[in-house]
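# Structural description and commentary
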Amino acid sequence: MTLPAAVPPLHSLRERITALDEALLEVLAERQQLARSIAAVTQEDAQPMRDVEREQQLLGQHVQRARALGLKAGFVTRIFHAVLEESLRAQRAVLAPVPDVTRVAVLGGEGSYSALAARAHFEGQEGLELVPGARFADVVQTLRQGGSASAELPIENSITGSISAVYDLRRDGDLCVVGEHYLQPRHALVARPGLSLSQVQRVLGHPQALAQCERFLQGRRLPLQFCDSTDHALRQVLAQGAGALAAVASPEVAAAEGLSVLASDIADAADNETRFLVLARAVREVPLNVPCKTSLLFSTWQRPGALADVLLVFRDAGVNLTRIESRPTPGQSWQELFFVDLDGNVQGEAVAAALQAAARCTRTLRVLGCYPSERLPPTGVPAAVLAQAQLPAVEPVPAAAPAPARKAPKGWTLASRAHKPQDTVIEVGGVRIGADFLVMAGPCAVESEPQVEACAAWAAEHGARVLRGGCFKPRTSPYSFQGLGLPGLALLKAAGERHGLPIITEVMSPEDVEAVAATADNLQVGARNMQNFSLLKAVGLARRPVMLKRGLMSSIEEWLQAAEYILAAGNQQVMLCERGIRTFETATRNTLDLSAVPVLRELTHLPILVDPSHAVGRRDLVAPMALAARAVGAHGIIVEFHPEPEKALSDGPQALYPEQFARMMRDLYAER
Ligand code: PEP
Ligand code: MN
């Protein structure tokens, strides 16, 4: 690179950057102030605080403008997501402020996770005093007797599920939910300085915290001792003389107590999260324009369909239920109590009407409270904007001709339109497969961290919705690159997460299904394995969506029966992928059977994708076949590209150059 003649000195460049950063801060502060003013206006006009469609449109415009200024879509989207979230939080704080309380009851003292959650939820309130309880029942008792204005209790965890004891304490229905809080406990094994991991003889902790670290603790066969709270566990570790006790606790809290960390991040899942409820003695109203949740408690009559009747009331009212939990009623064996959370305000028209209707088909029904939703999920940028088309409305995939009444086919039923007339839409990581046209893209094989990172960044930037990459490669020759296996899958997953893309990867043998499904959002069964029936049964037991590629020499009828294996094993998330078949023609790697698409659209409800890359085997033919696939009604394509196709370890000749991929995306989403 040649530098322009007069480059200002480094310090002056840095000064200009600092000045810009300061200007940025002022702009952000002003924006935040405006957001609060907007809240004041919406308060009066009762306008909804959020208008997702408008947010999406604005974000799309910002991305287009940002690109014109030479900025990347992903970069700008991340920034605007953070800015919008903060602005929504500010508006919510004006419209539905967390009430001032002086005393909050929690489990355990300051070292417990409940204390961390309460301090975070009531952040910034002066003189906040936590009232510790030894057990959940004590916490609830404090609140009931007026010893505190609120109580903050854990209700569910992403690893261990519902915290039944807390549900049961809410059975009387006298305690109202007035808030929720999400906390990500980063469990560590902590002990007095000087003790090493191998010297630990017993691990203390709250049963919930220990259960969330089951794999770590079980693997080391460490004897466990349940404590009333994490704080209680810490006190015992601190109080011991030269003992060999360790505790599961937050590393920050442990450090503040002078304890050292023997092992960090020991929870079974990295995204461990606990949802807390904030309880009070009286309900609190939430303004109608604030996104909120409502909690209910009901019981039904003992007759067939009694629960379904209640649930259908909410469906018919268009109310989304986010959680249902059933708990026993002591003294009335097998009379279940149902706790339900739903999206919506108890005073809103839809919820209020649904509640009236639900009262008619329940034995008991009680509203436990209405509270602002803690989560404000960001809106996405439309693929058409990312693909750089002028927008707007992407023509929807033409619906299949209305299914004439037809007999169920022989040998396959679950895949047929006779079984299910409506198109199946598979939802994975915020992406809908089987609805609007979508693109899955990435390298043939995961080769290295920088390669897969470059692919993920480029794919996301240009509107792809799913990141592909093979880690177990079915190669014709045993001497060809066989893939990086599970370490490659970890790289693919991390790259996908960095750029907001769920991933798809091939699984080749039944023994690998569990390990691959633990990480991959979607499983792929390759063409060579279409009739590997053991593999089909194994992916049928997995909980991940499966893309079944058409066998090199398979008829549509055989292909649908292969799909039936997966469906019959219980997995209803199957998509089909036409990737070319063997014919006498040698000009292309395979012959892309595009007529299979409309044929399948008529026969089956499953989503249908097309893989132009493996079909043609030549990069110059990929884009035209991709456009053709869209034209014949495919729900999407899966396509290979590579940062440096000449250096690709597999399928280089069919890999698109990054720019070629971007151009294809623009053409696919061009206004038509
Ligand atoms: C692939 O998608 O990486 C692949 C190997 O495809 P196919 O099974 O269609 O050959
Ligand atoms: Mn390939």
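Residues numbered from 1 in each chain as written. Chains lettered and ligands numbered in written order. Predicted model: local features only at pLDDT ≥ 70, side-chain atom pairs only at ≥ 80, totals over all residues. Heavy atoms only, no water.

### Notes on the sheet that holds strand β9 (residues 245-249)
A sheet is described by the order of its strands in space; here five strands give the open sequence β8-β7-β9-β6-β10, paired in mixed fashion. Both outer strands of the open sheet, β8 (224-226) and β10 (260-263), are each paired with one neighbouring strand and no more. Between one strand axis and the next, the sheet turns through 35 degrees on average, direction left out of account. Most of the contacts of helix α9 (residues 230-239) go to β9, to which it runs at about 155 degrees, and overall it touches β6 (188-191), β7 (202-205), β8 and β9. (Pairing = 2+ DSSP bridges. Helix = DSSP H or I, 4+ residues; strand = E, 2+ residues; numbered from the N terminus. Axes fitted to C-alpha atoms, helices over the stretch in contact; angles between N-to-C directions. Contact = heavy atoms within 4.5 Å.)

### So, the site of ligand 1
Near ligand 1 you find Arg 468, Lys 473, Pro 474, Glu 506, Gln 524, Gly 526, Ala 527, Arg 528, Lys 549, Arg 579, His 614 and Glu 640, and these make up its full shell. Measuring from an oxygen atom of ligand 1, one finds a backbone N or O atom of Ala 527 at 2.8 Å. Within the side chain of Arg 528, an N or O atom sits 2.8 Å from an oxygen atom of ligand 1. Contact with the protein chains removes 97% of the 290 Å² of surface that ligand 1 exposes when unbound. Split by residue class, the shell around ligand 1 holds two nonpolar, three polar and seven charged. (Near = heavy atom within 4 Å. Polar contact = N/O pair within 3.5 Å; in protein donor to acceptor, adjacent residues only side chain to side chain. Areas by Shrake-Rupley, 256 points an atom, 1.4 Å probe, with all protein chains shown as cover. Nonpolar A, V, L, I, M, F, W, Y, C, P; charged D, E, K, R; others polar.)

### Side note on the sheet that holds strand β13 (residues 321-329)
Pairing is antiparallel in the open sheet, where four strands are placed in the order β13-β14-β12-β15. For this open sheet the edge positions go to β13 and β15 (364-372), each flanked by a neighbour on one side alone. Across this sheet, the average inter-strand angle for adjacent strands is 15 degrees, counted without regard to direction. Strand direction decides the pairing type here: strand β12 (residues 292-299) and strand β14 (residues 332-343), joined by six bridges, are antiparallel. By the bridge assignment, Thr 294 is partnered in β14 with Leu 342.

### Describing the pairing of β6
Burial along β6 is two-sided: the residues Ala 188 and Val 190 and Leu 189 and Ala 191 are all buried. Examined bridge by bridge, β6 and β9 share four bridges and lie antiparallel to one another. Bridge assignment links Val 190 to a residue of β9, and that residue is Ala 247. One ladder, built from three bridges, connects β6 with β10; its direction is antiparallel. When the sheet's bridge partners are listed, Leu 189 is paired in β10 with Ala 263. (Buried < 20%, exposed > 50% of the residue type's maximum accessible area, 1.4 Å probe, protein only.)

### A look at the confidence of the model for the protein
Detailed reading of the predicted model is not advised wherever pLDDT is low. Mean pLDDT over the protein works out to 93, with 96% of the residues at or above the 70 mark. pLDDT under 50 marks residues 389-397. Its contacts with residues more than four places away, or in other chains, come to 23 contacts. (pLDDT = per-residue confidence, 0-100.)

### A few points about the packing of helix α1 (residues 10-45) against helix α3 (residues 73-95)
Relative to each other, α1 and α3 sit at 40 degrees, their axes nearing to 8 Å. Judged by the angle between their axes, α1 and α3 are oblique. Crossing of α1 over α3 shows right-handed handedness. In this structure, α1 uses Leu 28, Arg 31, Gln 32, Ala 35, Arg 36, Ile 38, Ala 39, Ala 40, Thr 42 and Gln 43 to contact α3, whose residues at the interface are Val 83, Leu 84, Glu 86, Ser 87, Ala 90, Gln 91, Val 94 and Leu 95. Here the contact of α1 with α3 is built from residues that sort into ten nonpolar, five polar and three charged. (Parallel < 35°, antiparallel > 145°, perpendicular 65-115°, else oblique. Left-handed = near helix turned anticlockwise from the far one by under 90°.)

### A look at the pattern of salt bridges
All told, the structure shown has 37 salt bridges when counted by the stated rule. For Arg 89, the salt bridge identified is with Glu 85, shortest N-O distance 3.1 Å. Taken as a pair, Arg 89 and Glu 85 lie in helix α3 at a separation of four residues, close to a single helical turn. The partner of Lys 647 in a salt bridge is Glu 644, and the shortest N-O contact between them spans 3.0 Å. Judged by relative accessible area, which is 56%, Lys 647 ranks as exposed. Since its relative accessible area comes to 40%, Glu 644 is described here as partly exposed. (Salt bridge = Lys/Arg side-chain N within 4 Å of Asp/Glu carboxyl O.)

### Quick look at helix α18 (residues 556-568)
Compared with the 18 Å implied by 1.5 Å per residue over 13 residues, the 18 Å span of α18 between its first and last C-alpha is a close match. Those residues of α18 that are buried are in contact with α17 (533-541), β22 (546-549), β23 (574-578) and α19 (596-603). Where α18 terminates, the next one or two residues include Gly 570, which has phi positive at roughly 120 degrees. (Expected span 1.5 Å × (residues − 1).)

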